[in-house]
Amino acid sequence: HAVGPLLPNVVRMTRLDAISGYVKVVIGLTSALVVFLLIDSIGNTNLLTDPNQPFSIQVRLGEGNLSRNSMPQLRHSSGLDLQLHDFPGKRERVFIVIMIPTLPEHFAIRNIIRATWANVSAWEDDLADIPPEERTFRLMWVIGSPKNGEPYSAEFTEELQQNRDIYICDKLDEHRTILKYKVLWSYYRALDVFRFTYFVKTDDDILLNLPVLIRYLHHAPRNHFYGGRCAMGYGGFRGYPRWTYCSGGGYYMSRDVVERMVKLPSQHHRVPFRPEDAYTGYLIHQISEELKYEVNRVHNPLALALGGYKCGPWHSIFYHHEYKRMERHFRLAANNTVINCDPK
């Protein structure tokens, strides 16, 4: 009978102990989660960029490429994904990086270019008086991902195995739409891989007169510099300003200009117009407007020859051509041969 009056208190205490236990469990689990998140964030701080920059970095295992290393992926804050593939020679010092957007099926064009104007040994006599460090360059063939997740052809896969100058941008390779993003991606990638002095963009239907380019850049400003055949205008619609840009057949810029283009706010990286050369001109215009960094746009009327040049003389930097005539034009340009012919 003496125990009877104590039962309600015992039951009440048991319930209190149970509630207290539940609270402790919840607090313990919450604390563990907080600690886990803190440790996880500390462990991944090396993957984060400045929050003021337009891109943040994530890591995932590469798919379908020769590199088996983890490949940092640049994720644009407005939805643009740019994947970087790790290659040997990181931060290699070169005088010029030459970026060429291309398509996987253009392997014949790439092989002709590697064998002709991109073969520096073919120009050695023309560059004998140039310092050795200014004769160094690297090609960057930039290719998008295949459409619909289709595998690359056996021929392209073999080319990947034999050459280390192809970089794959993780965007569907719809050439006109993605071209400007290939160029933007290449700015990031070139800064990541190379310690270059100048960045050059050209196309795979262009013969590049390498000695003329190197001599021109040998005397060019090392900073605040953007040049080419810069007589085109664009913009003036939908609230955008009007600006002048250099033709996409071939233009060049100093490293500091590339560094500042990638530092622009993300709204300038994602714009509605397609032409990649006008897009680059827009970014450079915004460097002056947004970052208050002066860039000198230097128009060179001889930078790009679009026709009427096959007889010589070969004084321009970039020559538009049909790739099947590349070897013939290269031999004429390499020897600066002037022939008696119809230039048309």
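The following refers to the structure shown. The structure presented is a predicted model; accordingly, all values stated were derived computationally and were not measured.

Definitions and limits used
Residues numbered from 1 in each chain as written. Predicted model: local features only at pLDDT ≥ 70, side-chain atom pairs only at ≥ 80, totals over all residues. Heavy atoms only, no water. Pairing = 2+ DSSP bridges. Helix = DSSP H or I, 4+ residues; strand = E, 2+ residues; numbered from the N terminus. Contact = heavy atoms within 4.5 Å. Buried < 20%, exposed > 50% of the residue type's maximum accessible area, 1.4 Å probe, protein only. Axes fitted to C-alpha atoms, helices over the stretch in contact; angles between N-to-C directions. Parallel < 35°, antiparallel > 145°, perpendicular 65-115°, else oblique. Nonpolar A, V, L, I, M, F, W, Y, C, P; charged D, E, K, R; others polar. Core = buried A, V, L, I, M, F, W, Y, C linked by side-chain atoms within 4.5 Å. Phe/Tyr/Trp six-rings, centres within 6.5 Å; stacked < 30°, edge-to-face > 60°. Lys NZ or Arg CZ within 6 Å of the ring centre and 35° of its normal.

### Description of the sheet that holds strand 14 (residues 304-305)
Thought 1: Sheet architecture is open: 3 strands sit in the order 8-15-14, paired in mixed fashion. Both outer strands of the open sheet, strand 8 (206-208) and strand 14, are each paired with one neighbouring strand and no more.
Thought 2: Where strand 8 and strand 15 (residues 318-320) come together, 3 bridges link them in antiparallel fashion. By the bridge assignment for strand 15, Ile206 is matched with His320.

### Focus: the environment of Leu283
Thought 1: Checked against the element boundaries, Leu283 lands in helix 8 (residues 276-290).
Thought 2: Apart from the residues lying within four places of it in its own chain, the contact partners of Leu283 are Met261, Leu264, His268 and His269.

### With respect to unusual backbone geometry
Thought 1: The backbone phi angle of His224 is positive, close to 60°, even though this residue is not glycine.
Thought 2: Assignment of secondary structure puts His224 in the loop between helix 5 (210-218) and strand 9 (225-228).
Thought 3: Taking the relative accessible area as the measure of exposure, His224 reaches 28% and is therefore partly exposed.

### Describing the environment of Tyr309
Thought 1: On the secondary structure map, Tyr309 appears in the loop between strand 14 and strand 15.
Thought 2: Sequence separation of Tyr309 and His320 is 11 residues, and the distance between their C-alpha atoms is 9.6 Å.

### Describing the packing of helix 2 (residues 107-115) against helix 3 (residues 154-162)
The relative placement of two packed helices is expressed as an angle between their axes plus a distance between the axes.
Thought 1: Interaxial distance between helix 2 and helix 3 falls to 11 Å at its minimum, and their mutual angle equals 30°. Looking at the two axes, helix 2 sits roughly parallel to helix 3. Between helix 2, through Phe107, Arg110 and Arg114, and helix 3, the contact on the second element is made entirely by Glu155, Phe156 and Glu159.
Thought 2: Its residues placed into classes, the contact of helix 2 with helix 3 shows 2 nonpolar, no polar and 4 charged.

### Digging into the nonpolar core
Thought 1: By size, the foremost hydrophobic cluster in this structure holds 46 residues, and its most contacted members are Ile96, Ile98, Trp117, Leu213, Leu217 and Tyr252.
Thought 2: A per-element tally of this core places helix 9 (residues 326-334) first, with 5 residues.
Thought 3: Judged by nonpolar contacts, the second largest core, of 41 residues, contains Val97, Met253, Val262 and Ile284.

### Regarding the packing of aromatic side chains
Thought 1: Taken as a whole and judged by the stated rule, the model has 17 aromatic pairs.
Thought 2: Consider the rings of Tyr240 and Tyr282, whose centres lie 5.8 Å apart with planes at 75°: the pair is edge-to-face. Here Tyr282 lies in helix 8 and Tyr240 lies in the loop between strand 10 (232-235) and strand 11 (242-245), a separation of 42 residues in the sequence.
Thought 3: Put simply, the rings of Phe95, Tyr198, Tyr216, Phe225, Tyr252 and Phe318 touch in pairs and so form one group of aromatic residues.
Thought 4: Positioned above the aromatic ring of Tyr279, the side-chain terminus of Lys180 is 5.6 Å from the ring centre.
Thought 5: Over the ring of Tyr293 we find Arg260, and its NZ or CZ is 3.8 Å from the ring centre.

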